[in-house]
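Each chain, written out:
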Amino acid sequence: MRRAETNLPSVSQNDLQAMAYTDQLTGLGNRYRLRDKIRSLAAERASDPAPFTIALANLDGFKPINDLFGTAAGDEILCQVAHRLKACIPDGAIVTRHDGDEFAIILPLVFERVGAERLGQMIKDVLSAPYDLGDRNVRLSASIGFAIYPFAGSEFDELMKSAETALYRSKRRGRGQITVYSKEIAQEMRRATQLEQALRNAIIADAVDVYFQPIVRIDDGRVLGFEALARWIDPDLGFVSPAVFVPLAEERGFIDLLSEALLRKAAEATMAWPRDLFLSFNLSSAQLMDPRTALNILAILNAVGFDPRRLELEITETAVMTSADTAQRIIGELRAAGIGISLDDFGTGQSSLGRLRDFAFDKVKIDRAFVSAITTDRTSEQIIKAIISMCDGLNLAVVAEGIETAAEADKLRVLGCGMGQGYYYGKPVDAAATLRYLQQNHHEFALVERATA
Ligand code: C2E
Ligand code: MG
Ligand code: MG
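Quantities reported herein were computed from a predicted structural model and do not represent experimental measurements. (Residues numbered from 1 in each chain as written. Chains lettered and ligands numbered in written order. Predicted model: local features only at pLDDT ≥ 70, side-chain atom pairs only at ≥ 80, totals over all residues. Heavy atoms only, no water.)

## Quick look at helix α18 (residues 431-441)
Cut-off, in case you're wondering: Note on classification: 1.4 Å probe, protein chains only; a residue is buried when its accessible area is under 20% of the maximum for its type, exposed when over 50%, partly exposed between these limits. We count a stretch as a helix when DSSP gives it H or I for four or more residues in a row; a strand needs E for two or more, and each element gets its number in order from the N terminus. To be clear, the arc concerns the directions from the helix axis to the C-beta atoms.
Every buried residue of α18 is accounted for by Ala 433, Thr 434 and Leu 438. Axial view of α18: buried residues confined to an arc of 140°, hence all on one face.

Right, here's the structure in full:
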């Protein structure tokens, strides 16, 4: 009381207290207001053990907006978000801004998961309508995490931690997701974090390996190149599939580290092969959103002394879809350097023929799902036939993936499919085994050996 009077005589104690609890930018309550409200609500509910819920909403891609359009535009968006949230939440609920672009909502009358999810969907819709910045409109999505008292924590800190875990899971699952905290989710997150740590260590220790699987000319079975496939065996976790650890590295933001290590290894191994063989390497979708990708790849090839014209990069349709402009630019840069681009897993994603026209591909890889059904299912056969004839017309090379039997290979040959890959021709094996295979089977190998001796 005395301090307020002596230092700031014109401001009342009440004003000061209000200021300490208010976010100056949006006029919403701040973190202290949030903590107090939750504590008092928890105290009320101690005698009447009804649950209540807290939500954390975080804007996706807010930082780039700030960087691109300036902090004034960022502030304007935050004010509009505050306004929208206040307008849409149920009676008795309270919104606070908690940190940067993160908002908290206390929901005294939301008691269980389904109610939380329904509300989350509504909040998400409200926040994804365009933001008017005067000279332009901006669209953003929001990720949301919920924690329900007392299951997710009976103390403020614990409850917030649970809400943050839920939000983090939403964030890492991509944009605009909703998660309600549960013990299972906490465990899933812990497992993913363990896996992440093990994978990061494996990358540093150079323990993630590259295997190679032959891609052959179907007519005569001649090997034309190899696809590099990542392999990781952890001492504790055992074999972990790349279909698990590649997406994890993407989500946790270190796919560039992993991919660079793999490309370097793959390119180094390829240097020992006859020069007419190509290397096919999978690029992840996150890499097609990162403008540095082309430069990084070319730097690695340069360091290894690998001719970019021997490299083909496999990308999927989802990858080109998520960030089409950036992807197109990256693909343009790579192709300008002589690198070929293959469309992987064709036919399974949200295939759009427009994509084949808009993006300059060199090769299409027909997904295994069609190939494995080709001898038994007429529809799959017709689809493959159509893909092959379309690619002929568009001047695109075709590879059928996942060929396992001679019957499948025969059928594909009759249909005019140029290239094939699958266990029938060879399983993925490590660099040493690949080299042995080439020494035994490749007609030009003797020449290379003499040249390098
Ligand atoms: P993908 O690029 O479509 O690779 C083909 C997958 O099919 C590989 O699985 C390969 O081992 C498997 N395969 C090949 N022939 C046959 C066959 O005849 N029968 C069956 N059942 N399977 C066959 P893998 O190695 O487990 O890789 C799974 C996926 O993980 C790959 O699918 C690719 O999307 C991703 N991946 C693997 N290595 C890398 C990498 O270095 N970087 C990136 N970004 N992704 C990778
Ligand atoms: Mg592939
Ligand atoms: Mg594939």
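Now that the structure has been shown, the text picks up again.
## Concerning the coordination of the magnesium ion (ligand 2)
Put simply, the test is: With water excluded from the atoms, a metal site may look incomplete; its donors are any N, O or S atoms within 2.8 Å, or within 3.2 Å for Na, K and Ca.
For the magnesium ion (ligand 2), every protein donor is listed as Glu 227 (OE), Asn 282 (OD1), Glu 314 (OE) and Asp 344 (OD), and the spread of their distances is 2.0 to 2.3 Å. As a motif over one chain, the donors of the magnesium ion (ligand 2) read E-x54-N-x31-E-x29-D. The distance between the magnesium ion (ligand 2) and the magnesium ion (ligand 3) is 3.8 Å, with Asp 344 acting as a donor to both metals. One end of the pair, Glu 227, is in strand β9 (residues 223-234); the other, Asp 344, is in strand β13 (residues 340-346), with 117 residues separating them in the sequence.

## Focus on helix α16 (residues 378-394)
Heads up, the condition is: Expected helix span is taken as 1.5 Å per residue step, with the number of steps being one fewer than the number of residues.
Taking 1.5 Å of rise per residue, the 17 residues of α16 would be expected to cover 24 Å, and the 24 Å separating its terminal C-alpha atoms lies within 8% of that figure. Positive phi appears at Asn 395, one or two residues downstream of α16, with a value of about 65°.

## Regarding the domain arrangement of the protein
Threshold: Domain segmentation is taken from an automatic or database assignment of domains.
Here the protein is described as being made up of domain 1 (17-181) and domain 2 (193-452). A straight line from the C-alpha centre of domain 1 to that of domain 2 covers 42 Å.

## Description of the site of ligand 1
This is how it is decided: The criterion for a residue being near a molecule or strand is simple. One of its heavy atoms has to lie within 4 Å of it. The definition of a polar contact used here is a pair of N or O atoms within 3.5 Å, where within protein one atom must be able to donate a hydrogen and the other to accept one, and adjacent residues in sequence count solely through side-chain atom pairs. To be clear on the numbers: accessible area is Shrake-Rupley with a 1.4 Å probe, and residue cover counts the displayed protein chains and nothing else.
With respect to spatial proximity, 23 residues lie near ligand 1, and among them Arg 231, Asn 282, Asp 344, Glu 404 and Tyr 423 are the closest. Residue Glu 404 places a side-chain N or O atom 2.5 Å away from a nitrogen atom belonging to ligand 1. In this structure, Tyr 423 approaches ligand 1 through a main-chain N or O atom, which is 2.8 Å from an oxygen atom. Summarising the interface, the protein chains cover 82% of the accessible area of ligand 1, which totals 800 Å² for the free molecule.

## Focus on the coordination of the magnesium ion (ligand 3)
Distances from the magnesium ion (ligand 3) to its protein donors, Asp 344 (OD), Asp 345 (OD), Glu 401 (OE) and Glu 401 (OE), fall at 2.1 to 2.6 Å. The sequence pattern describing where the donors of the magnesium ion (ligand 3) fall on their chain is D-D-x55-E.

## A word on the pattern of salt bridges
Charged atoms that come close allow side chains of opposite charge to pair. To be explicit about the condition: Salt bridges are defined as contacts in which a side-chain nitrogen from Lys or Arg sits within 4 Å of a carboxyl oxygen from Asp or Glu.
As enumerated under the stated definition, the model contains 23 salt bridges in all. Here Asp 410 and Arg 413 are joined by a salt bridge, their closest N and O atoms 3.0 Å apart. Here the residue Asp 410 and the residue Arg 413 both occupy positions in helix α17 (residues 406-414), the gap between them amounting to 3 residues, near one helical turn. Accessibility expressed as a relative area gives 37% for Asp 410, which makes it partly exposed. Residues joined by salt bridges that share partners form a network here, namely Arg 169, Arg 172, Glu 188 and Glu 251.

## With respect to empty space enclosed by the protein
One water molecule sets the probe size; rolling that probe over the atoms shows where empty space is left. What counts here: The pocket and cavity definitions rest on a 1 Å grid over protein atoms only: a 1.4 Å probe that fits but cannot leave marks a cavity, an open set with protein on both sides within 12 Å along at least five of seven lines marks a pocket, and residues lining either have an atom within 4 Å of a point. Grid points are joined across faces, edges and corners, and a volume is the space filled by probe spheres set on the points. The classification used treats Ala, Val, Leu, Ile, Met, Phe, Trp, Tyr, Cys and Pro as nonpolar, Asp, Glu, Lys and Arg as charged, and all other residues, Gly among them, as polar.
Scanning the model with the defined rule gives 1 cavity of 30 Å³ or more in all. Considered as a void within the structure, the largest cavity measures approximately 90 Å³ in volume. Around the largest cavity, the lining residues are Asp 256, Ser 259, Glu 260, Leu 263, Phe 281, Leu 283, Gln 287, Asp 290, Thr 293, Asn 296, Ile 297 and Ile 300. Counting residues per element, the ones that place at least two in the lining of the largest cavity are α10 (255-270) and α11 (293-304). By residue class, the composition of the lining of the largest cavity is 5 nonpolar, 4 polar and 3 charged.

## Considering the sheet that holds strand β1 (residues 52-60)
The cut-off we apply is this: Any two strands are treated as partners once DSSP identifies two or more bridges connecting them. Comment: axis = line fitted to C-alpha atoms, over the contacting stretch for helices; angle = value between 0 and 180 degrees taken between N-to-C directions. Residue contacts are counted whenever heavy atoms from the two residues lie within 4.5 Å of one another.
With mixed pairing, the 5 strands of this open sheet are ordered in space as β2-β3-β1-β6-β7. Looking along the sheet, the strands with just one partner apiece sit at the ends: β2 (94-99) and β7 (178-180). For this sheet, the mean angle separating the axes of adjacent strands, direction not counted, is 20°. Direction of pairing for strand β6 (residues 141-149) relative to β7: parallel, over a ladder of 3 bridges. Residue pairing across strands places Gly 145 opposite Thr 179, the latter belonging to β7. Together, β3 (102-107), β6 and β7 form the strand contacts of helix α6 (residues 113-127), whose direction differs from that of β6 by roughly 155°.

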